[in-house]
Amino acid sequence: QVQLVESGGGLVQPGGSLRLSCAASGSIFRLNTMGWYRQAPGRQRELVAVSTSVGSTNYADSVKGRFTISRDNAKNTVYLQMDSLKPEDTAVYYCNAGGVTKSGHGFGSWGQGTQVTVSS
C-alpha cells in the first residue's frame with residue numbers, strides 16, 4: 001500500500017553530521033504526521049522527532065538543538081538532519097508515516113530502518 005524507504009545512515013565520528021532521508025511511495029493522497037524513531041541494542045524504540053503536515057515539530061529532549069526534522073511534501077519525503085552526533089545516538093533509525101491513501105483509507109507505515117553508528 002504505502003512503503004517507506006530510508007537512506008543516509010552510516011558510520012560517523014563524534015561531533016559529525018548525517019542526514020537521513022525517508023521517501024514514501026504508493027497510492028498516497030496525503031501524508032500527515034511523519035517522524036523518526038530509534039532503537040539501540042537492548043533498548044526500547046523511542047521517538048526522536050515528529051513533523052505534522054502543517055509544520056509543527058517536536059523533538060526528544062536528548063536531541064533538541066542538534067537534530068532537525070524537515071519534509072518535502074512534493075516528494076513525499078521526510079529528512080532528519082543530525083549534527084553534533086554523540087556515541088549515545090548510535091541506533092537503528094526508523095521512519096514512520098501516517099496519512100490517507102488515494103482511495104480514502106488511512107495508513108500507518110514503518111521503514112526498514114537504517115543504522116547510525118557514532119564512534120571514533
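Above: the structure in question.
The structure reproduced in this document is the subject of the present report. Since the model is a prediction, treat every value here as computed from it, not as a measurement.

Right, let's get into the sheet that holds strand 8 (residues 77-82). Pairing is antiparallel across the open sheet formed by four strands, whose spatial order is 1-3-8-7. Since the sheet does not close on itself, it has two edges, and those belong to strand 1 (2-7) and strand 7 (67-72), each with one partner. When the angles between neighbouring strand axes are averaged without regard to direction, this sheet yields 15°. As defined by bridge partners, strand 7 adjoins strand 8 across six bridges and the pair is classed as antiparallel. The residue bridging Ile69 from the neighbouring strand is Leu80, located in strand 8.

What follows deals with the environment of Gly98. Within the fold, Gly98 resides in strand 9 (residues 91-101). Along the chain, Gly98 and Ala23 lie 75 residues apart, while their C-alpha atoms are 13 Å from each other. In this view, Gly98 contacts Leu31, Asn32, Thr33, Phe107 and Gly108; residues no more than four positions away in its chain are not counted.

Within this structure, the stated rule accounts for four salt bridges. Arg38 serves as the salt-bridge partner of Asp89, at 3.0 Å between the closest nitrogen and oxygen. Of this pair, Asp89 sits in the loop between strand 8 and strand 9 while Arg38 sits in strand 4 (residues 28-39), and the two are 51 residues apart along the sequence. Asp89 is paired through a salt bridge with Arg66; the nearest N and O atoms lie 2.7 Å apart. Highlighted residues: Asp89 in the loop between strand 8 and strand 9 and Arg66 in the loop between strand 6 (57-59) and strand 7, separated in sequence by 23 residues. Neither residue differs from the other here; Asp89 and Arg66 are each classed as buried. What you see here is one network of salt bridges that share partners, running through Arg38, Glu46, Arg66 and Asp89.

Quick look at the environment of Tyr93 now. Mapped onto the secondary structure, Tyr93 falls in strand 9. On a C-alpha basis, the gap between Tyr93 and Trp36 in space is 6.7 Å, while along the polypeptide they are 57 residues apart. Excluding residues within four positions of it along the chain, Tyr93 makes contact with Glu6, Leu20, Trp36, Tyr37, Arg38, Val48, Phe67, Leu80, Met82, Gly113, Thr114 and Val116. Polar contacts involving the side chain of Tyr93 include one to the side chain of Arg38, which spans 2.9 Å. A distance of 2.7 Å separates a polar atom in the side chain of Tyr93 from the backbone oxygen of Asp89.

A one-sided burial pattern is seen for strand 11 (residues 114-118), the buried positions being Thr114, Val116 and Val118 and the unburied ones Gln115 and Thr117. Pairing between strand 2 (residues 10-12) and strand 11: three bridges, direction parallel. Each residue of the ladder has a partner; that of Val12, found in strand 11, is Val118. Sheet topology places strand 9 next to strand 11; three bridges connect them, and they run antiparallel. Bridged to Tyr93 within strand 11 is Thr114.

Thresholds, definitions, all that
- Residues numbered from 1 in each chain as written.
- Predicted model: local features only at pLDDT ≥ 70, side-chain atom pairs only at ≥ 80, totals over all residues.
- Heavy atoms only, no water.
- Pairing = 2+ DSSP bridges.
- Helix = DSSP H or I, 4+ residues; strand = E, 2+ residues; numbered from the N terminus.
- Axes fitted to C-alpha atoms, helices over the stretch in contact; angles between N-to-C directions.
- Contact = heavy atoms within 4.5 Å.
- Salt bridge = Lys/Arg side-chain N within 4 Å of Asp/Glu carboxyl O.
- Buried < 20%, exposed > 50% of the residue type's maximum accessible area, 1.4 Å probe, protein only.
- Polar contact = N/O pair within 3.5 Å; in protein donor to acceptor, adjacent residues only side chain to side chain.

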